[in-house]
Amino acid sequence: MSTPISITGIGAVSPAGWGVDALLNAIKVNEPTKTVPLERASAGGKISTQVRRVPSEGANIPKAPRLRRASPISKFSAAAAVEALGEARLAEIAAGNLKVGVIFTMINGCVNYSNRFFGEVLADCSTASPILFPETVFNAPSSHLSAMIGSSAPNDTLIGDSAGFFTGLDLAIEWLERGEVDGCLVVCAEEIDWLSAEGLMYYSRNYVPSEGAAAVYLEKSFAGAQIVSLPEPISLAMHSRNEAAQLVRDTLNVADESSTLLVDGRSGSQRVDRPETETWRNWQGPRWSPRKLLGEGMGVSAGLQVVLAAAALRDGGPRRAIVTATGGNQQAAGVLLDH
């Protein structure tokens, strides 16, 4: 019997707090996390958007030289990655005994520093700080992660929509099956900025933008949450969002039973949620919709869903867990986990 690929480590940073326990507690309490106003000045006065931020209380950002001037997205992802790896694996990586790859998925990336840098360029390009520029590129967070843990294994950053995390899982499995790495860290993260927060409103006025990070550690193991099925994503260029959501359910082909948990991608916007609402309308088993409580985290939301599913299996709740997400403009995807 071949060794399955499993999620054996998880980490999270979210509007619920720092760590997986805070994330799980938010689901158990089943109350939306608090919103705060994000304001910016405009010619017509202040523009305010309600958002859900990662709280400063309880922050456990690793102490690393690379993180001194890093943007929030890098700090969130570093905290989630360290939690997912754990001290023992970090020591093995440092000793050169464990080859760990890093895959990062996102939509917006380092928008805070991009805003600052290009704001300085527009104001006076002769005084724009070159120190900020390295923190504006998409692969800055993944670079920080590999440097922080001392890994020289493969490192990649994937840009996609809110279902892009599943593509990160797929690439990690490919690396493991080819023997390129001993284990793979798949991370997603986003940070709040007025531009991305207001841009999200064009999709739905009912969205509440949020931020955070999620990390899962994959390796060949019989422990942890085993990845039973990870079908090819359904392209939204070929199918409507409704059709794509149904095809994800069809390809996962899981019986509806009380021992299977469904962690869906609904955020509370009736129009945007319709594909998953209709596809899983008659689902009788337990069902979590974390985006309704945490907000729409764009590139981080699907990762937090997977972390929650793996945590539920770890804690002996359901026997199986399905995670699904229908992205905004690229793909719909899902994964089936077992233990």
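Novice: Please explain the nonpolar core as it appears in this structure.
Specialist: Taken as a class, soluble globular proteins show a tendency for nonpolar side chains to be buried jointly. Judged by nonpolar contacts, the single largest core of 50 residues is most densely connected at Ile7, Phe166, Val216 and Leu218. Element by element, the count of residues in this core is highest for helix α10 (residues 301–314), at 10 residues. Among the nonpolar cores identified, the runner-up in size contains 30 residues, and Ala81, Leu98, Val187 and Ala215 belong to it.

Novice: What is the right way to look at the environment of lysine 34 in this model?
Specialist: By the secondary structure assignment, lysine 34 is in the loop between α1 (20–29) and β3 (36–42). On the basis of relative accessible area, lysine 34 is assigned to the exposed category, the value being 69%. Sequence separation between lysine 34 and arginine 271 is 237 residues; the distance between their C-alpha atoms is 23 Å. Contacts of lysine 34, omitting those with residues within four sequence positions, involve Val51 and Arg52.

Novice: So what exactly am I meant to see when it comes to helix α3 (residues 111–124) here?
Specialist: Because an α-helix completes one turn every 3.6 residues, residues spaced three or four positions apart along the sequence face the same direction. In this model α3 runs 20 Å from its N-terminal to its C-terminal C-alpha over 14 residues, within 8% of the 20 Å that 1.5 Å per residue would give. Contacts made by the buried residues of α3 are with α2 (72–94) and α6 (194–200).

Novice: Looking at this model, I keep getting lost on the side chain of glutamate 191. Mind explaining?
Specialist: With respect to the secondary-structure elements, glutamate 191 resides in the loop between β7 (183–190) and α6. The side chain of glutamate 191 is buried and forms no salt bridge, while arginine 53, the nearest opposite charge, is found at 8.4 Å. At a separation of 2.9 Å, a polar atom in the side chain of glutamate 191 contacts the main-chain amide nitrogen of valine 111. Looking at glutamate 191, its side chain comes within polar contact range of the main-chain nitrogen of asparagine 112, at 2.7 Å. Leave out the neighbours within four places in its chain, and glutamate 191 touches Ser71, Pro72, Ile73, Gly109, Cys110, Val111, Asn112, Tyr113, Ser196 and Glu211.

Novice: How do you make sense of the pairing of strand β5 (residues 100–106) when you look at a structure like this?
Specialist: Walk down a regular strand and you will see the side chains alternate between the two sheet faces. Counting buried positions over the 7 residues of β5 gives 7, a clear majority of the element. Burial along β5 is two-sided: Val100, Val102, Phe104 and Met106 facing one way and Gly101, Ile103 and Thr105 facing the other are all buried. Taken together, the 6 bridges between β5 and β7 define a ladder with parallel strand orientation. Bridge pairing in β7 places threonine 105 opposite cysteine 188. As paired strands, β5 and strand β6 (residues 155–159) are joined by 5 bridges and run parallel to one another. When the bridges of β6 are listed, methionine 106 appears paired with isoleucine 159.

Novice: Explanation requested: helix α4 (residues 140–149) in the structure shown.
Specialist: With 7 of 10 residues buried, α4 is to be regarded as a mostly interior element. All buried positions along α4 are accounted for by Ala140, Pro141, Ser142, His144, Leu145, Ser146 and Ile149. Turning to α4, the residues buried within the fold contact α2, β5, β6 and β7. Where α4 terminates, the next one or two residues include glycine 150, which has phi positive at roughly 75°.

Here is what the cut-offs are and how they apply
Residues numbered from 1 in each chain as written. Predicted model: local features only at pLDDT ≥ 70, side-chain atom pairs only at ≥ 80, totals over all residues. Heavy atoms only, no water. Core = buried A, V, L, I, M, F, W, Y, C linked by side-chain atoms within 4.5 Å. Buried < 20%, exposed > 50% of the residue type's maximum accessible area, 1.4 Å probe, protein only. Helix = DSSP H or I, 4+ residues; strand = E, 2+ residues; numbered from the N terminus. Contact = heavy atoms within 4.5 Å. Expected span 1.5 Å × (residues − 1). Lys, Arg positive; Asp, Glu negative; His and termini not counted. Salt bridge = Lys/Arg side-chain N within 4 Å of Asp/Glu carboxyl O. Polar contact = N/O pair within 3.5 Å; in protein donor to acceptor, adjacent residues only side chain to side chain. Pairing = 2+ DSSP bridges.

Any functional reading would require information beyond the geometric quantities listed.
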